[in-house]
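Survey of secondary and tertiary structure
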Amino acid sequence: MYPLAVAGRVRKTDREVQVIKYITKITCEGHKMVMRSVRPGIMEYQVSSIFMYYCYKFGGGREMGYIPICPSGDRSKILHYGGQSAPNDFQIKDGDMCLFDMGGEYHCYLTDITTSFPVNGRFTETQKTVYNIVLETMQDVVNAIKPGYTWREARRQCYKSLLGYLKSEGLVVGEVQDMYNVKLHRVFMPHGIGHFIGCDVHDVGGQASYWCWSDSEVKDVDWYDDTLEWCPLERNMVMTIEPGCYFNDVLLDPAIKDDKQGKFMVANEISKYRGMGGVRIEEVFVVTDGGCEVISDLPRTVDEVEAFMSNPAPSDIPFLDTF
């Protein structure tokens, strides 16, 4: 029964897609409200409360898809920051990069979106460099997606694009394939590239064993990123793409000293980015007959983000001036 249940959840009906599009729209508007409301001095938990308030008041999203992840500054290198042990409890300081991963829920269907932006609305040169690396990596993957394309192909595209853009900015040197072979991408992006969306934020159907046809193929899977590994994309599958780039000393220092990885890393250049945390951009898309439709709609380019944040939030959030 399990394969049948999974098949029913990974292939959405048109009505299910409509509901996910709705909560994705509300979630995007909540992210936009946060982008226009955040400023130096606000607490990370106040950011999550603004988002939750917006989704419930304006979209009927009483529940969240997951606990909002709202790190700022160097804490944005922590992938699932904001849980019970670290409840978004730091004050956001001027110059910090914010990484807000938040998604609403409506009628038991969820969404999952991440925005990254500077709290003061203006990117520094280092923030801009990392942001554009992630954005261009995202665009490369989105442009490649179509029915029949496998998640393994998407994963390779994502990691190789990331390494290529890091190379173009002088943070790494060498051949991209050689860097990929020694898994250098894991140093800068220690997570997968996305997941199914549906009745759970990381919905069922992502296990490699479900999509593989033989034991030998299962053994060939890169278990660091096994979710969706063999999944051939089909119409009305709803998924996320979430490339990121982080500067975490715990990962960088051993890699620089490593015989296989260190020869590709330009330590002096990398040091310029230490302390900024990281950037992640997460979009939601639906596979269509001829490609994919990105259903999340947010300011994404550097110019778009800066222009959008230059306009203040409306006065509908009553507690903004109480912190």
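Bear in mind the structure is a predicted one, so any value in this text is a computation, not a measurement.

Glancing now at the environment of V187. Of note, V187 is situated in helix α7 (residues 185-188). For V187 and D253, which are 66 residues apart along the polypeptide, the C-alpha to C-alpha distance reads 9.6 Å. Residues within four places of V187 in sequence aside, it is in contact with Y246, L251, L252, A255, Q261 and M265.

For the rest of this paragraph, the subject is unusual backbone geometry. Positive phi, normally seen in glycine, also occurs at N88, with a value near 50°. Although it is not a glycine, H107 sits at a positive phi angle of roughly 50°. In this fold, H107 is placed in the loop between β2 (105-106) and β3 (109-110).

Of all five residues making up strand β8 (residues 283-287), five are buried, and the element is well covered by its neighbours. Covered by surrounding structure in β8 are E283, F285 and V287 together with V284 and V286, the residues of both alternating faces. Direction of pairing for strand β5 (residues 238-241) relative to β8: antiparallel, over a ladder of four bridges. If you follow I241 over to β8, its bridge partner there is E283. Linkage of β8 to strand β9 (residues 292-294), two consecutive antiparallel strands, is achieved through a turn of four residues.

Below, the discussion takes up the environment of S116. Within the secondary structure layout, S116 lies in strand β4 (residues 113-118). For S116, a relative accessible area of 2% puts it in the buried group. A sequence separation of 40 residues divides S116 from S76, and the C-alpha atoms of the two residues are 9.3 Å apart. Sequence-distant contacts of S116, defined by excluding residues within four places in its chain, comprise M97, C98, L99, F123, Y131, V279 and R280. Reaching out from S116, the side chain makes a polar contact with the backbone oxygen of R280 at a distance of 2.7 Å.

On to the packing of aromatic side chains. Under the definition given, this model contains seven aromatic pairs. On the basis of an interplanar angle of 35° and a centroid distance of 4.6 Å, the ring pair of Y54 and F58 is categorised as tilted. Residue Y54 and its partner F58 are located together in helix α3 (residues 44-59), separated by four residues, close to a single helical turn. Taking relative accessible area as the criterion, Y54 reaches 13% and is therefore assigned buried. Given the relative accessible area of 38%, F58 is considered partly exposed. Members of the aromatic cluster, each reached through a chain of ring pairs, are F188, F247 and Y273. Geometry around F308 places R36 over its ring, the cationic atom sitting 3.8 Å from the centre. Above the face of the Y180 ring, K160 is positioned so that its terminal group lies 5.1 Å from the ring centre.

Here we have three strands laid out as an open sheet, ordered β5-β8-β9, and antiparallel in their pairing. Looking along the sheet, the strands with just one partner apiece sit at the ends: β5 and β9. When the angles between neighbouring strand axes are averaged without regard to direction, this sheet yields 35°. Contacts between helix α4 (residues 125-144) and the sheet are confined to β5, β8 and β9, with β5 contributing the most and set at about 150° to the helix.

What counts and how
Residues numbered from 1 in each chain as written. Predicted model: local features only at pLDDT ≥ 70, side-chain atom pairs only at ≥ 80, totals over all residues. Heavy atoms only, no water. Helix = DSSP H or I, 4+ residues; strand = E, 2+ residues; numbered from the N terminus. Contact = heavy atoms within 4.5 Å. Buried < 20%, exposed > 50% of the residue type's maximum accessible area, 1.4 Å probe, protein only. Pairing = 2+ DSSP bridges. Polar contact = N/O pair within 3.5 Å; in protein donor to acceptor, adjacent residues only side chain to side chain. Phe/Tyr/Trp six-rings, centres within 6.5 Å; stacked < 30°, edge-to-face > 60°. Lys NZ or Arg CZ within 6 Å of the ring centre and 35° of its normal. Axes fitted to C-alpha atoms, helices over the stretch in contact; angles between N-to-C directions.

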